[in-house]
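# Architecture at a glance
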Amino acid sequence: MDRPALRGAIARELETNLLPFWRERSLDHRRGGFIGEMANDGTVREDAQRGLILNARLLWTFSALYRELGDERDLALARRALEALETAFHDREHGGYFWRTDAEGRPLDTSKKVYGQAFCIYAFSEHHRATGDAAAFDAATALLGLVDRHARDPRFGGWIEARARAWSEADDLRLSDKDMDVAKSMNTHLHLLEAVTNLHRARPSAATAERLAELLAIFDRHILGPDPLDRHLRPFFDERWNVCSDSYTFGHDIEAAWLLSEAAEVLGDPPALEKATGWAIDLARTALAQGLGPDGGLAYEGRAGEVTNRDHDWWCQAEAVIGFWHAFSLTGEPAFAEASARSWSFIDRFLVDRVHGDWHWRVKADGEVDRAEPKVSEWKCPYHSVRMCLEMMRRLADAGGAAP
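First, a word on scope: everything that follows refers to the structure included in this document. (Residues numbered from 1 in each chain as written. Predicted model: local features only at pLDDT ≥ 70, side-chain atom pairs only at ≥ 80, totals over all residues. Heavy atoms only, no water.)

### Some words on the packing of helix 8 (residues 250-267) against helix 10 (residues 314-331)
In a packed pair of helices, the relevant descriptors are the angle between the two axes and the axis-to-axis distance. Helix 10 packs onto helix 8 with a crossing angle of 45 degrees between their chain directions and a minimal axis gap of 8 Å. Overall, the two elements helix 8 and helix 10 adopt an arrangement that is oblique. Like other packed secondary-structure pairs, helix 8 and helix 10 cross with a definite hand, here left-handed. Of the residues in helix 10, those touching helix 8 at Gly251, His252, Ile254, Glu255, Ala257, Trp258 and Ser261 are Trp315, Cys316, Glu319, Ala320, Ile322, Gly323, Phe324, His326 and Leu330. (Axes fitted to C-alpha atoms, helices over the stretch in contact; angles between N-to-C directions. Helix = DSSP H or I, 4+ residues; strand = E, 2+ residues; numbered from the N terminus. Parallel < 35°, antiparallel > 145°, perpendicular 65-115°, else oblique. Left-handed = near helix turned anticlockwise from the far one by under 90°. Contact = heavy atoms within 4.5 Å.)

Printed below as a string of structure tokens:
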């Protein structure tokens, strides 16, 4: 598939499937804001809890859409998401944002997970970029200050996973039931890096530059595996950065490949960018060799050079399209461009739901769609899919029309 054809296919998916679904079917017309859960067949669960991650990512998504496409419908939905965050999730007593509420917007989990605060920073800074809203920028800056004061580890570096409501020590540090109860994780630091990158891009400052440099150094010292020929992100750590797990997720590896480069580029530090470029190529090369199947499906998880989970989750596939194309833009190697196109083809063939809209959560290792997983939930959102479309439409337009 040449570049114009690939760009056209991705643009059509955005315009004809993803945008109608999220603009129209994610809204809660009775309570305001957005629904909490929708089954794979489109059935809405009315009593579903509301998650911070879904709502923050909706604010980012509609703000990014408005900035890129200029459609007033997306501006209205971004403001709707902002209102939902401020009305139901904002802790006006202690600052920060609750992790989860009930269907009526009453707090259920009042913990301050740094991962969730990071997505709020990411969303607020994007809303500022899209609209010039000074209050959104101030909210992002103030929230980063809170996270720094209460969750940053001055002794060993990095950020602790979670705090209790009043920013005291939390009893449970897990992000979800699938995660380890440990002090620090790759996932939280990756998305804090993403958030600070966007805040620095919105309005550069010495403070955000310092944080970006610190986060890149943490990836260099602790999170990136040491072997450039077998480069992965290590997922879990104790307070002193001792590694607590030897597994890795191919989706995070290929997502980090372009997010690390983006952070270094926004920072404007040539030595950091040179180093991050090397990491991006290493991560993409390893993911291509170990995780990408002949059909373009990216496996979920691995250990010691072997795939341990061959499921294909929607978000991993979306990140593969960007990450492999980014590696092509750095190296000019056709294998990376082909991998990006194959990853898109897998999405188009297997994940796009042409009956009920949006994408299925997962295609299992046996090739069957996992219909038990929801279409919308506190984790299932448009952030990965819409971001892939916007990133690739811009990158493919910038690249011109010649085939690789």
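### Considering the pattern of salt bridges
Counted by the stated rule, this structure contains 42 salt bridges. When the shortest N-O distance is used, the salt bridge between Arg152 and Glu214 registers 3.1 Å. Taken together, the positions of Arg152 in the loop between helix 5 (134-151) and strand 5 (162-163) and Glu214 in helix 7 (residues 206-223) put the pair 62 residues apart, joining distant regions of the chain. Overall, the relative accessible area of 16% leaves Glu214 in the buried class. Between Glu373 and Arg362 there is a salt bridge, and its shortest N-O distance comes to 3.3 Å. (Salt bridge = Lys/Arg side-chain N within 4 Å of Asp/Glu carboxyl O. Buried < 20%, exposed > 50% of the residue type's maximum accessible area, 1.4 Å probe, protein only.)

### A short note on the pairing of strand 10 (residues 306-309)
Bridge count between strand 9 (residues 301-303) and strand 10: 3 bridges; the pairing is antiparallel. Across the sheet, the residue bridging to Glu301 is Asn309, located in strand 10. The turn joining strand 9 and strand 10, which pair antiparallel and follow one another in sequence, is formed by 2 residues; a positive phi near 50 degrees is taken by Ala304. (Pairing = 2+ DSSP bridges.)

### Things to note about helix 10
Along an α-helix, residues three or four positions apart point the same way, because every turn accommodates 3.6 residues. Over its 18 residues, helix 10 runs 26 Å from end to end, which matches the ideal 26 Å to within 8%, given 1.5 Å per residue. Among the 18 residues that make up helix 10, 15 are buried, leaving the element largely enclosed by the rest of the structure. Following helix 10 by one or two positions, Gly332 adopts a phi angle in the positive range, close to 75 degrees. (Expected span 1.5 Å × (residues − 1).)

### Some thoughts on the environment of Lys364
With respect to the helices and strands, the residue Lys364 is situated in the loop between strand 12 (362-363) and helix 12 (383-399). C-alpha of Lys364 to C-alpha of Ala256: the two residues are 108 residues apart in sequence and 24 Å apart in space.

### Overview of the sheet that holds strand 10
The strands that make up a sheet pair up through hydrogen bonds in the backbone, lying either parallel or antiparallel. An order of 8-9-10 is seen for the 3 strands of this open sheet, with the pairing classed as antiparallel. Both edges of this open sheet fall to strand 8 (247-249) and strand 10, since each of them pairs with a single strand only. Averaged over all adjacent pairs, the angle separating strand axes in this sheet is 40 degrees, with direction ignored. Bridging between strand 8 and strand 9 involves 3 bridges; their strand directions are antiparallel. Bridge pairing in strand 9 links Tyr248 to Gly302. Along the sheet, helix 8 makes contact with strand 8, strand 9 and strand 10, crossing strand 8 at roughly 60 degrees.

### Concerning the sheet that holds strand 3 (residues 107-109)
A sheet is described by the order of its strands in space; here 3 strands give the open sequence 1-2-3, paired in antiparallel fashion. Each edge of the open sheet carries a strand with a single partner, namely strand 1 (50-51) and strand 3. Pairing of strand 2 (residues 100-101) with strand 3, which is carried by 2 bridges, proceeds in the antiparallel orientation. Residue pairing in the sheet places Thr101 in a bridge with Pro107 of strand 3.

### What to know about the packing of aromatic side chains
Enumeration over the complete set of coordinates arrives at 17 aromatic pairs. Each ring, one from Phe21 and one from Trp22, has its centre 5.2 Å from the other, and the planes form 70 degrees; the classification is edge-to-face. Accessibility assignment for this pair places Phe21 and Trp22 in one class, buried. Look at Trp314 and Trp361: their rings are 5.1 Å apart centre to centre, the planes differ by 65 degrees, and that puts the pair in the edge-to-face class. (Phe/Tyr/Trp six-rings, centres within 6.5 Å; stacked < 30°, edge-to-face > 60°.)

### What to know about the nonpolar core
Within the largest apolar cluster, 125 residues are counted, with the highest numbers of intra-cluster contacts made by Ile10, Leu14, Leu216, Leu260, Phe324, Trp359 and Met388. Per element, the largest residue contribution to this core is 11 residues, and it comes from helix 10. In this view, Met388 contacts Ile10, Ala318, Val321, Ile322, Trp344, Ile347 and Trp359; residues no more than four positions away in its chain are not counted. (Core = buried A, V, L, I, M, F, W, Y, C linked by side-chain atoms within 4.5 Å.)

### A closer look at the side chain of Glu161
Structurally, Glu161 can be placed in the loop between helix 5 and strand 5. Among the polar contacts listed, one links the side chain of Glu161 to the side chain of Thr188, at a separation of 3.0 Å. (Polar contact = N/O pair within 3.5 Å; in protein donor to acceptor, adjacent residues only side chain to side chain.)

### Re the side chain of Thr61
Position of Thr61 relative to the elements: it lies in helix 2 (residues 52-69). Its relative accessible area of 1% is what places Thr61 among the buried residues. Among the polar contacts made by the side chain of Thr61, one reaches the main-chain carbonyl oxygen of Arg57 at a distance of 2.8 Å. Apart from residues lying up to four places away in sequence, Thr61 is in contact with Pro382, Tyr383 and Val386.

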